[in-house]
Amino acid sequence: MNQRDVVFPAGRQALYERNHYSPAVRSQDFLFVSGQVGSREDGSPEPELEAQARLAFVNLNAILTAAGCTFDDVVDVTLFIVDPESTLDTLWKVLPEFWGEAPHPTLTGIGVTWLYGFHFEIKVIAKLPASPGK
C-alpha cells in the first residue's frame, strides 16, 4: 500500500484526526487540499458569513504554506456554497482579497443544502513548486 504524503498545518492535527481525513495530500507534482471551512481551532464555525469566508481562506493558506505553496500555485478551485443566491454577493466581496492577480485558477461553484453548520467551503488543487535540482 502506498503511504500518503500528508500535509498538516500547524496546530490543526487534532481536528483532522478527529474527523478521519487528511487536510492535504502531495501526489507527484500536485497538492490536493480537502475542503476548508471557516472553522475556529476547536472546529466550530465562525458565525458571521464574511468572517467565516475569510477564515476558510486563512485555514486554506495555512495548508498551502505548510506544503511550500501559495494561492498563486492553485490551478483548480471548487466552492461549495449553502444558499448561493443569498450568500454569493458577500462571498465575492471576500474572494478578491485572497484570489490574487489574473490569470485565475479554474472554478466550479456548487450550491449545497448543508455543510455541517458552515455556509462556505473551498477545495483546491495546487501545482507544487519545483524542488531545487528538478
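Located above this text is the structure these notes cover.
These lines cover the structure that appears in this document, whether it is placed above or below. Here the residue index of a chain counts from 1 through its sequence in written order. The model is predicted, so local features are restricted to residues of pLDDT at least 70 and side-chain atom pairs to those at 80 or more, both for listing and for counting; the totals for chains, interfaces and linings are taken over all residues. Only hydrogens and water are removed before side-chain values are computed, so all heavy atoms of the structure are retained for them.

**Brief notes about the packing of helix α2 (residues 49-66) against helix α3 (residues 84-99)**
Point 1. For the pair α2 and α3, interaxial distance at closest approach is 9 Å and the crossing angle is 35°. Where α2 crosses over α3, the two elements pack in a sense that is right-handed. Contacts between α2 and α3 pair L49, E50, A53, R54, F57 and N61 from the former with T87, T90, L91, K93, V94, L95, E97, F98 and W99 from the latter.
Point 2. Basically, the charged four are Asp, Glu, Lys and Arg, the nonpolar ten are Ala, Val, Leu, Ile, Met, Phe, Trp, Tyr, Cys and Pro, and anything else, Gly included, counts as polar. Split by residue class, the contact of α2 with α3 holds eight nonpolar, three polar and four charged. Helix axes are fitted to C-alpha atoms over the stretch in contact, other axes to C-alpha atoms as well, and angles between N-to-C directions run from 0 to 180 degrees. Secondary structure is summarised from DSSP: a helix means a run of H or I of at least four residues, a strand means a run of E of at least two, and numbering begins at the N terminus for each. Left-handed describes a crossing whose near helix is turned anticlockwise from the far helix by less than a right angle; the clockwise case is right-handed. Should any heavy atoms of two residues lie within 4.5 Å, those residues are counted as being in contact.

**With respect to the side chain of S39**
Point 1. Along the chain, the position of S39 falls in the loop between β3 (30-37) and α2.
Point 2. Looking at S39, the relative accessible area reads 4%, which means it is buried.
Point 3. Dropping the residues within four chain positions of it, S39 is found in contact with R12, L15, S44, L55, N59 and F118. For each residue, the accessible area found with a 1.4 Å probe, counting protein chains only, is set against the maximum for its type, and the residue is called buried under 20%, exposed over 50%, and partly exposed in between.

**Some words on the nonpolar core**
Point 1. As used in this record, nonpolar core signifies buried Ala, Val, Leu, Ile, Met, Phe, Trp, Tyr and Cys residues forming a set joined through side-chain atoms within 4.5 Å. Ranked by size, the top nonpolar core spans 28 residues in total, and within it L31, L64, F71, F120 and I122 carry the most contacts.
Point 2. Per-element tally for this core: the top contributor is α2, with seven residues.
Point 3. Core analysis: the next-biggest nonpolar cluster, separate from the first, contains five residues, V37, F80, V82 and L115 among them.

**Thoughts on the pattern of salt bridges**
Point 1. We define a salt bridge as a side-chain nitrogen of Lys or Arg found within 4 Å of a carboxyl oxygen belonging to Asp or Glu. According to the stated counting rule, one finds six salt bridges in the structure shown.
Point 2. Linking K127 and D29 is a salt bridge whose minimum nitrogen-to-oxygen distance equals 3.9 Å. One end of the pair, K127, is in strand β6 (residues 120-127); the other, D29, is in the loop between β2 (24-27) and β3, with 98 residues separating them in the sequence.
Point 3. Here E50 makes a salt bridge to R54, at a shortest N to O gap of 3.1 Å. Taken together, the positions of E50 and R54, both in helix α2 and four residues apart, correspond to about one turn of that helix.
Point 4. Given the relative accessible area of 28%, R54 is considered partly exposed.
Point 5. A network of salt bridges, in which partner residues are shared, links E50, R54, K93 and E97.

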